[in-house]
Amino acid sequence: MNPLQGLLFLLTVGISFIVVLYGAWVKMKYCRPGFLTAITGSEVARMVLDKMGMFHVSVTPVECPDEAVSSSASEGLFISRKIYDGRDIPSLVRAARGAFLKGQLSNLIFWTHLKKKVTFAAQVTVVLGWICFLAGMLIRNAGFLVTPGLGAFAVVLLLSFYDLSFELDAEDRTSRLMKEARCLEPHEWMCFQRLNRAAALEGLACLALMPWNLVSGVLRRNRHGI
């Protein structure tokens, strides 16, 4: 790997791993086991929707994990039962972000399906990128594969940066809404804000997390005999 390739590797995979470490540090520090708030995810989602003038949108729990916060019908917001009843800070963050997304996008179903397709394409690109990169590094006379591997990393990370502005806007506005509502104690709001910021940056962690998520998903399915 020449110096230019090394620099590109640090600017792509290095950034991704830094975000992973930051997210892990935030969760370790602010996700306190057994700590519960006075409000639930359903109340947070309702409050955010009302603040955005979406009084007609109902908040409904669903049992299927595939119909989580991001899933929605035109007349309502559907969130998983765990988040709907959840009193932990991560559940409140996901409920607030899901409600904000519903308030921002008129056709959330379309955008949800589109994002799933984009995420799948990014996963394939990242996996192919790692295959090319590792093959170029480990196989003799295959060094030319390092460049397309790093190119794949760069494309995915640029797309993540493009989406970052919306994610940071969602983080800023939902955190401000929660602060103005005064439904959390000061230390609870601080935890909410930190976890909300970590959630906004998760897209940049894709180069490090996607291969791990795919491998762990396969191992989980094999362990359950699926």
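Further up the page is the structure itself.
Report follows, based on the coordinates. (Residues numbered from 1 in each chain as written. Predicted model: local features only at pLDDT ≥ 70, side-chain atom pairs only at ≥ 80, totals over all residues. Heavy atoms only, no water.)

**Some thoughts on the overall build of the chain**
Applicable threshold: Only runs of H or I of at least four residues qualify as helices and only runs of E of at least two qualify as strands under DSSP, and these elements are numbered from the N terminus. Note on exposure labels: buried denotes an accessible area under 20% of the residue type's maximum, exposed denotes more than 50%, and partly exposed covers the range between, all computed with a 1.4 Å probe on protein chains only. The contact rule is simple, with two residues in contact once any of their heavy atoms fall within 4.5 Å. Surface accessibility in these figures is a Shrake-Rupley result with a 1.4 Å probe; residues are shielded only by whichever protein chains are displayed.
Along its length, the chain carries eight helices and three strands. Ordering the α and β elements of the chain from the N terminus gives α-α-β-β-β-α-α-α-α-α-α. Going through the 226 residues of the chain one by one, you find that 40% of them count as buried. When contacts within the chain are restricted to residue pairs at least 6 apart in sequence, long-range pairs at least 24 apart make up 69% of them. Element-wise, carbon and sulfur atoms account for 65% of the exposed surface of the chain, whose accessible area totals about 13,000 Å².

**Side note on the pattern of salt bridges**
The test is simple: Here, a salt bridge means any Lys or Arg side-chain nitrogen found within 4 Å of an Asp or Glu carboxyl oxygen.
Here the structure, examined in full by the defined rule, presents seven salt bridges. A salt bridge links E202 to K27; its shortest N-O distance comes to 4.0 Å. With E202 in the loop between helix 7 (186-201) and helix 8 (206-223) and K27 in helix 1 (residues 3-30), the pair connects residues that are 175 residues apart, well separated along the chain. One salt bridge in this structure joins D169 and R173, with 3.9 Å as the shortest N-O distance. Of this pair, D169 and R173 both sit in helix 6 (residues 146-181), separated by four residues, roughly a single helical turn. With a relative accessible area of 29%, D169 lands in the partly exposed category. Residue R173 is classed as partly exposed on the basis of its relative accessible area of 31%.

**Quick notes on the environment of Q104**
As for its position among the elements, Q104 is in helix 4 (residues 89-104). Sequence-wise, Q104 and M52 are 52 residues apart; in three dimensions their C-alpha atoms are separated by 8.7 Å. In this structure, Q104 is in contact with M52, F166 and R173, ignoring residues within four places of it in sequence.

**Points about the packing of helix 2 (residues 41-51) against helix 6**
To keep it simple, the criterion reads: The axes used here are C-alpha line fits, helices contributing only the stretch in contact, and every angle between their N-to-C directions lies in the interval 0 to 180 degrees. An angle below 35 degrees is read as roughly parallel, one above 145 as roughly antiparallel, one from 65 to 115 as roughly perpendicular, and any other as oblique. As a working rule, the residues Ala, Val, Leu, Ile, Met, Phe, Trp, Tyr, Cys and Pro are called nonpolar, Asp, Glu, Lys and Arg charged, and the rest polar, with Gly in that last group.
Closest axis-to-axis distance for the helix 2/helix 6 pair is 11 Å, and the angle between their directions is 100°. Here helix 2 lies roughly perpendicular to helix 6, going by the angle between them. For the pair helix 2 and helix 6, the contacting residues are V44, M47, V48 and K51 in the first and L177, M178 and A181 in the second. Class assignment for the residues of the contact of helix 2 with helix 6 results in six nonpolar, no polar and one charged.

**Some details on helix 7**
Counting along an α-helix, one turn takes 3.6 residues, and residues three or four places apart therefore face a common direction. Stated precisely, the cut-off is as follows: Here, expected helix span is obtained from the residue count minus one, scaled by 1.5 Å.
The end-to-end C-alpha distance of helix 7, which contains 16 residues, comes to 23 Å, matching closely the 22 Å that a straight helix rising 1.5 Å per residue would cover. Among the residues of helix 7, those classed as buried are E188, W189, C191, F192, L195, N196, A198, A199, A200 and L201. Buried residues along helix 7 sit in contact with helix 1, helix 4 and helix 6.

**Points about the nonpolar core**
Side chains that are nonpolar tend, in soluble globular proteins, to be buried together. The cut-off we apply is this: Buried residues of nine kinds, namely Ala, Val, Leu, Ile, Met, Phe, Trp, Tyr and Cys, make up a nonpolar core once their side-chain atoms join them within 4.5 Å.
Core analysis: the biggest nonpolar cluster contains 31 residues, and V48, M178 and F192 have the highest contact counts within it. For this core, the elements supplying multiple residues, two or more each, are helix 1, helix 2, strand 3 (76-80), helix 4, helix 6 and helix 7. Ranked by residues supplied to this core, first place goes to helix 4 with seven residues. Leaving out residues up to four positions away in the same chain, F192 has contacts with I89, L92, V93, A96, T174, S175, M178 and L184. Membership of the second largest hydrophobic core comes to 18 residues, among which are F153, L201, L207 and M210.

**Remarks on the pairing of strand 3**
Our working rule: The criterion for strand pairing is that DSSP finds at least two bridges linking the strands in question.
Where burial is concerned, most of strand 3 is hidden: four out of the five residues are buried. Strand direction decides the pairing type here: strand 1 (residues 58-62) and strand 3, joined by five bridges, are parallel. The partner of S58 across the bridge, within strand 3, is G76.

**Re a nonpolar patch on the surface**
Test applied: What goes into a patch is any residue over 30% in relative accessible area without a salt bridge, connected to like charges within 9 Å or, for nonpolar side chains (Val, Leu, Ile, Met, Phe, Trp, Tyr), within 5 Å.
On the surface, a cluster of nonpolar side chains totalling about 520 Å² of accessible area is made up of M1, L134, M137, L138 and I139. Tracing the backbone shows L134 in helix 5 (residues 108-138).

**A short note on the environment of F35**
Along the chain, the position of F35 falls in the loop between helix 1 and helix 2. As a C-alpha pair, F35 and E188 span 153 residues in sequence and 9.8 Å in three-dimensional space. Residues within four places of F35 in sequence aside, it is in contact with R87, D88, I89, H187 and E188.

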